[in-house]
Amino acid sequence: MAADEKDEGAEFADFMADISQEISERVESLDAALPAPAPPLARKVATPSLSSDARMILDWDNVAERMIEEML
Amino acid sequence: MSVVNYGTREITCKIVYYGPGRSGKTTNLQHIYSQLPEERKGKMVSLATETDRTLFFDFLPLDLGTISGFNTRFQLYTVPGQVYYAATRKLVLQGVDGVVFVADSQSRQLAENIESLQDLHENLADDGFDPRTMPLVMQYNKRDLPAEEISPLEELDNKLNFRGVPHFPASAISGGGVFECLRSIASLVLARLSAPAAKG
């Protein structure tokens, strides 16, 4: 429990090591199981890619409204 | 829900810290943030009242860099614990991949823990998730408080952990147990990489 006794950042380094190991193992198994990805199509229109930000809350206007609603 | 995108070579996991008010959810994120090396320290967004209660939510993006060719990011959120922020909790849960339930070990908070857990299950179900299969770990926080003020771990586990998910004692204020929980939920979420992509 005495995490504060550890060097700053050591906990994160340990975490990174574990997660890297886990991901590499799982990605290897998936790579073997999945077909190779199709080659990219010729570039058409520059559409914004579906980034991982898709799960972040970006509609701040709506969010602010909800927050105000809840406070009332 | 898939957390791996082979097209963009990205792995993104959304993890939500859930629990009753003042159980230590924000403290968990603050400890994680304090441990990040400078080059990985992004912005921790925190909206709090003057008395440090979480007003809306906290958001900590964890960019882990490229692992096995995948740009890997964990997005850590907390929800406001107070009962009247129900809609906000539901909103923050959208697209969640895993939940850390931060329970307050104080004996007098047991009812609040149970209420919050029920609230979690209802909100997950409302969002179309199966609460029985959502990756979940239990954190019994505030173990640093005097023994006479807190419930034994066995009692908390009996009352709260009916799914038998991984559980950890913690003292988030000093960092104890924080990374153990994060590691555990990350592992559960990543385990789904090899499972069929399905909601819930």
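Small disclaimer: the values here were computed from a predicted structure and weren't measured.

Procedures and definitions
Residues numbered from 1 in each chain as written. Chains lettered and ligands numbered in written order. Predicted model: local features only at pLDDT ≥ 70, side-chain atom pairs only at ≥ 80, totals over all residues. Helix = DSSP H or I, 4+ residues; strand = E, 2+ residues; numbered from the N terminus. Rg over C-alpha atoms; globule rule 2.2 N^0.38 Å. Contact = placed C-beta atoms within 7 Å. Buried ≥ 20, exposed ≤ 12 C-beta atoms within 10 Å, placed from the backbone. Pairing = 2+ DSSP bridges. Axes fitted to C-alpha atoms, helices over the stretch in contact; angles between N-to-C directions. Parallel < 35°, antiparallel > 145°, perpendicular 65-115°, else oblique. Left-handed = near helix turned anticlockwise from the far one by under 90°. Core = buried A, V, L, I, M, F, W, Y, C linked by C-beta atoms within 7 Å. pLDDT = per-residue confidence, 0-100.

K.L.:
Tell me about the overall build of chain B, residues and numbers included.
P.N.:
Helices and strands together make up the secondary structure of chain B, namely 5 helices and 8 strands. In sequence order, the secondary structure elements of chain B are arranged as β-β-α-β-β-β-α-β-α-β-α-β-α. Taking 200 residues into account, the globule formula puts the C-alpha radius of gyration at 16 Å, and chain B, at 16 Å, falls close to it. For chain B, the proportion of contacts with a sequence separation of at least 24, taken over those separated by at least 6, is 72%.

K.L.:
How would you sum up the overall build of chain A? Please name residues and give values.
P.N.:
Of the regular secondary structure elements, chain A holds 2 helices and 0 strands. Here chain A, with 72 residues, has 12% of them falling under the buried criterion.

K.L.:
Outline the pairing of strand β6 (residues 98–104) of chain B, supporting the account with residue identities and numerical values.
P.N.:
All names here are of chain B. Of all 7 residues that make up β6, 7 are buried, and the element is covered over most of its length. Because side chains alternate across β6, one face comprises the buried residues Gly 98, Val 100, Val 102 and Asp 104, and the other comprises Val 99, Phe 101 and Ala 103, equally buried. For strand β2 (residues 10–18) and β6, the ladder comprises 4 bridges, and the chain directions are parallel. Considered in β6, the bridge of Val 16 is made with Val 99. Relative to strand β7 (residues 136–141), β6 is paired through 6 bridges, and the arrangement is parallel. Note on β7: the bridge partner recorded for Asp 104 is Asn 141.

K.L.:
Report on unusual backbone geometry, specifying residues and quantitative values.
P.N.:
Residue and element names in this part refer to chain B. One non-glycine residue with positive phi stands out, namely Arg 9, at about 55 degrees. Structurally, Arg 9 can be placed in the loop between β1 (4–5) and β2. Given 15 C-beta atoms within 10 Å, Arg 9 falls into the partly exposed group. For Lys 142, which is not glycine, the phi dihedral falls at a positive 70 degrees. Topologically, Lys 142 is positioned in the loop between β7 and α4 (153–160).

K.L.:
Go over the packing of helix α2 (residues 86–93) of chain B against helix α3 (residues 110–126) of chain B, please, and point to the residues and values.
P.N.:
All names here are of chain B. It is the contact of α2 with α3, at a shortest axis distance of 10 Å, that shows an interaxial angle of 55 degrees. One way to sum up the angle between α2 and α3 is to call them oblique. Where α2 crosses over α3, the two elements pack in a sense that is right-handed. Where α2 approaches α3, its residues Arg 89, Lys 90 and Leu 93 are matched on the opposing element by Asp 119, Asn 123, Leu 124 and Asp 126.

K.L.:
I'd love a proper account of the nonpolar core, names of residues and values included.
P.N.:
Residues and elements named next belong to chain B. One finds Val 16, Leu 76, Val 99, Val 100 and Phe 101 to be the most contacted residues of the largest nonpolar core, which totals 57 residues. For this core, the element with the highest residue contribution is helix α5 (residues 178–191), accounting for 8 residues. When neighbours within four sequence positions are excluded, Val 99 is seen to be in contact with Val 16, Tyr 18, Leu 120, Met 134 and Leu 136.

K.L.:
Before we move on, can you summarise helix α1 (residues 25–35) of chain B with the specific residues and values?
P.N.:
In terms of residue burial, α1 of chain B counts as a mostly covered element, since 8 of its 11 residues are buried. Of all the residues in α1 of chain B, the buried ones are Lys 25, Thr 26, Thr 27, Asn 28, Leu 29, His 31, Ile 32 and Gln 35 of chain B.

K.L.:
Quick rundown of the confidence of the model for chain A? Include the residues and the values.
P.N.:
Residue and element names in this part refer to chain A. Scored by pLDDT, chain A has a mean of 65; 28% of the residues are at 70 or more. This stretch, residues 1–5, has a pLDDT under 50; its non-local contacts, to residues over four places away or in other chains, come to 12 contacts. This stretch, residues 45–51, has a pLDDT under 50; its non-local contacts, to residues over four places away or in other chains, come to 1 contact.

K.L.:
Summarise the confidence of the model for chain B; cite the residues concerned and give the values.
P.N.:
Looking at chain B, the pLDDT average stands at 89 and 92% of residues meet or exceed 70. Ignoring residues within four places in sequence, the model shows residues 196–200 of chain B, a span with pLDDT below 50, making 10 contacts including any to other chains.

K.L.:
Any details on the environment of Gly 164 of chain B? Residues and values, ideally.
P.N.:
On the secondary structure map, Gly 164 of chain B appears in the loop between α4 and β8 (167–169). A sequence separation of 22 residues divides Gly 164 of chain B from Ala 186 of chain B, and the C-alpha atoms of the two residues are 17 Å apart.

K.L.:
Hey, could you go over the pairing of strand β5 (residues 70–78) of chain B for me, with residue numbers and the actual values?
P.N.:
All names here are of chain B. With respect to burial, β5 is a largely interior element, 8 of its 9 residues being buried. Here β2 pairs with β5 via 8 bridges, running parallel. Following the sheet pairing, Glu 10 is matched in β5 by Asn 71.

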